[in-house]
Amino acid sequence: MKLAALPGVGPRTLEQLARLGLETVEDLLLHVPSRYEDRTRILPVADVESGQGARFLVRVRDCRVQFGQRRSLRIDAADESGEVTLRLFHFRQEQQAQWSPGTWVLCWGIIREGRWGRECVHPQMVRVPGPEQLPDLGSRLTPVYPTTSGLTQPRLLKLQQAALTRVHDLFPELVPAEVRPDLSVADAIVTVHSPQVDADETLQLARDRLAFEELLAQRLAVLRGRLRAREDSGYPCEPDPQAEQALLQALPFELTTAQQRVISEIRENLRSTEPMLRLVQGDVGCGKTVVAAAAANQVVAAGYQVAIMAPTEILARQHALALRAWFEGRAEVHLLAGGQKAAERKSTLKAVAEGAAGIVVGTQALFQSGVDFDRLGLVIVDEQHRFGVGQRLALRDKSGSDVIAHQLVMTATPIPRTLAQTLYADLAISRIDALPPGRSPVQTVAMSQHKRPAVIDRLREVCAQGQQAFWVCPALSESEHATAAEEIAEMLSESLPELGVGLVHGQMKSAEKIAVMEDFRAGRTSILVATTVIEVGVDVPGATIIIIDEAERLGLAQLHQLRGRVGRGDQQSFCVLLYKPPMRDTAQARLRALCTTHDGFALAETDLELRGAGELLGTAQSGGHRMRFAEALLDTRLLPQVVSAAEITLRNAPQHVSVLVRRWLGGRANYADV
Ligand code: ADP
Ligand code: MG
């Protein structure tokens, strides 16, 4: 059902919803809250944690206009437990009379420690006759949705409420009765949008119901894709010993046994006409790039083209740089990225279409129409966890003929084997299970932000000796990112005037980013201040120190990825996790785990333990992780049920397969159309 069918939805709202990836009312209903607020309970002011949204009931003591930097209406109020100042910046003079001393006010807002005590800026306020005569606060949690600028929570909530009146029509049961869970999908959706207070179990049940169906749809899409793939064929590429020799000679190191093993697994796949679908897993820094190069080598030597897709432009450029060195004189390596000049782009597209470009490295830009290959033999996707299944397949269909390209997917995310086989039933798996020799674990310490000056002193010493450091500033939003990073860069340049300090963040133009990265790579700057844009893949072996500011805000997997930016050479490397006290228990446990553990798989297990189901609904996955309900690592317990349900659906309700796949994967699965 079209979103425009909802009351009051015009072009502007449509555009905002499209930014959230929502095109139909069904999509909207599957756009679930990222967290909930309990607005049903009135808390004593003194018990409200600073920074938390809370409902409280207070009595006005004084109300006046305050002139400061900004004029505001200041209402001093209190309950039996303590005082709080309610502050309005937008107000009309007449309002002052409404809040005369003695008035009871029921509020909802965020209380913070202000300069003059506890403050709440622009709370929602209702006057009430007294504590005995309160309005009904209901018994349901208030959902908070992920949104985009211009689309407010109340507006989104209204849209959801309108959509929910149609949920039973829009979400008929599609899972065959034999394997259908008791709870209907429509009821589960209703619950997820407005759960009862204190009904965690019911909410969990609803979530499981949706996770189950999402996993089922994913599994069905993959099974159907596999059926289709059986009929496909790829270009057989015979190994070429001379080309293999040439690559080995161009490398500045010897391959590890683990790399050799994985390369030989790939070698066998590539010589077959059956299209390869292989996932290479290996911890950060294990050397996946060279494995990709070996695969590319075999395909290029056989006369076909290779496309390599990276999640960020910085990473794509870095791959292009490495590959140009390794393939010098043997293959043309081209780059296709968003920020390129038109002329450069045009000549690349021509080389790709005519087959002169043996290897093309790029970002999502590789998917765009207008990118046509002459004879695409192999697609390599780096850091797969960043891409949806749909994208992977879109690229695969670009082979330029009926022939399907071989595919190699590389990731540092330790996906459990059971899960990989269920969700990506079409993938064979290789593991690079050892790091190159001579690496010593990155020494990791956690320190309070108060120790920043000491950290800067230490940086001065080691950078004077020629070492290089990353300084990472995580933050919640893009713009917050940029300012935090700018401030840190400024502060470091002031304290360390003798050292070059570079700055790279997501809001910079790509040409600027490239120049800054190049300066750092070439050693012209000693410190690179960055936002988490450097999280995946960046390889500057000379950098030996990484400082992660506000590390308590990041997840374990992301911290591990970031730490993997150092410890890539044979020098001892260091990672400093700066945190802002006080820290929550789980954050403390995360940092502790990181200080003592260096293995990505072990860390992933710790991560699982730390993230109980309770925290689940609140965690927004970073990056382009597209699952809505199913949390890849946590929901492995649902898999056996999903596997059998998929079989039964294919057998007993084949007519529902497409609808289910479309419901959950939408336009993202390009094989959603039969
Ligand atoms: P990742 O698996 O994280 O993508 P990279 O491919 O970026 O790792 O490799 C990490 C670093 O290790 C790079 O600097 C690379 O040149 C180096 N490297 C890769 N393989 C070896 C090896 N066999 N011996 C020594 N260094 C290696
Ligand atoms: Mg990599």
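The structure under discussion appears in the preceding block.
On a predicted model such as this, the values are computed, not experimentally measured, just so you know.

### Thoughts on the packing of aromatic side chains
- Per the stated rule, a full pass over the model turns up 2 aromatic pairs.
- Seen from their ring centres, tyrosine 235 and tyrosine 304 are 4.2 Å apart, and the 15 degrees between their planes marks the pair as stacked. Remark: tyrosine 304 occurs in the loop between α10 (288–301) and β10 (305–309) and tyrosine 235 occurs in the loop between α7 (200–231) and α8 (241–250); sequence separation between them is 69 residues.
- Residue tyrosine 235 is classed as buried on the basis of its relative accessible area, which comes to 12%.
- Both rings, one in phenylalanine 470 and one in phenylalanine 520, keep their centres 5.2 Å apart while their planes meet at 55 degrees; by these two values the pair is tilted. Highlighted residues: phenylalanine 470 in strand β17 (residues 468–472) and phenylalanine 520 in helix α17 (residues 510–521), separated in sequence by 50 residues.
- On the basis of relative accessible area, phenylalanine 470 is assigned to the buried category, the value being 0%.
- Classification of phenylalanine 520 by relative accessible area gives buried; the value is 0%.

### Here's the deal with the pattern of salt bridges
- One pass over the structure, following the stated rule, counts 33 salt bridges.
- Among the charged side chains, a salt-bridge network with shared partners connects Glu173, Arg180, Arg209, Glu213 and Arg663.

### Section: the pairing of strand β9 (residues 277–282)
- Across the 6 residues of β9, 6 count as buried, placing the element largely inside the fold.
- Where β9 and strand β14 (residues 406–411) come together, 5 bridges link them in parallel fashion. Bridge assignment links valine 280 to a residue of β14, and that residue is methionine 410.
- The sheet contact formed by β9 and strand β15 (residues 428–432) spans 5 bridges and is parallel. Bridge assignment links leucine 279 to a residue of β15, and that residue is isoleucine 429.

### Details of the packing of α10 against helix α11 (residues 313–326)
- Running from N to C, α10 and α11 point in directions that differ by 55 degrees, and their axes come no closer than 11 Å. The angle between α10 and α11 places the two elements in the oblique class. In terms of crossing hand, the pair formed by α10 and α11 is right-handed. Every residue of α11 that contacts α10 at Thr289, Val290 and Ala293 is listed here: His319, Leu323 and Trp326.
- Here the contact of α10 with α11 is composed, by residue class, of 4 nonpolar, 2 polar and no charged.

Basis of the calculations
- Residues numbered from 1 in each chain as written.
- Chains lettered and ligands numbered in written order.
- Predicted model: local features only at pLDDT ≥ 70, side-chain atom pairs only at ≥ 80, totals over all residues.
- Heavy atoms only, no water.
- Phe/Tyr/Trp six-rings, centres within 6.5 Å; stacked < 30°, edge-to-face > 60°.
- Helix = DSSP H or I, 4+ residues; strand = E, 2+ residues; numbered from the N terminus.
- Buried < 20%, exposed > 50% of the residue type's maximum accessible area, 1.4 Å probe, protein only.
- Salt bridge = Lys/Arg side-chain N within 4 Å of Asp/Glu carboxyl O.
- Pairing = 2+ DSSP bridges.
- Axes fitted to C-alpha atoms, helices over the stretch in contact; angles between N-to-C directions.
- Parallel < 35°, antiparallel > 145°, perpendicular 65-115°, else oblique.
- Left-handed = near helix turned anticlockwise from the far one by under 90°.
- Contact = heavy atoms within 4.5 Å.
- Nonpolar A, V, L, I, M, F, W, Y, C, P; charged D, E, K, R; others polar.

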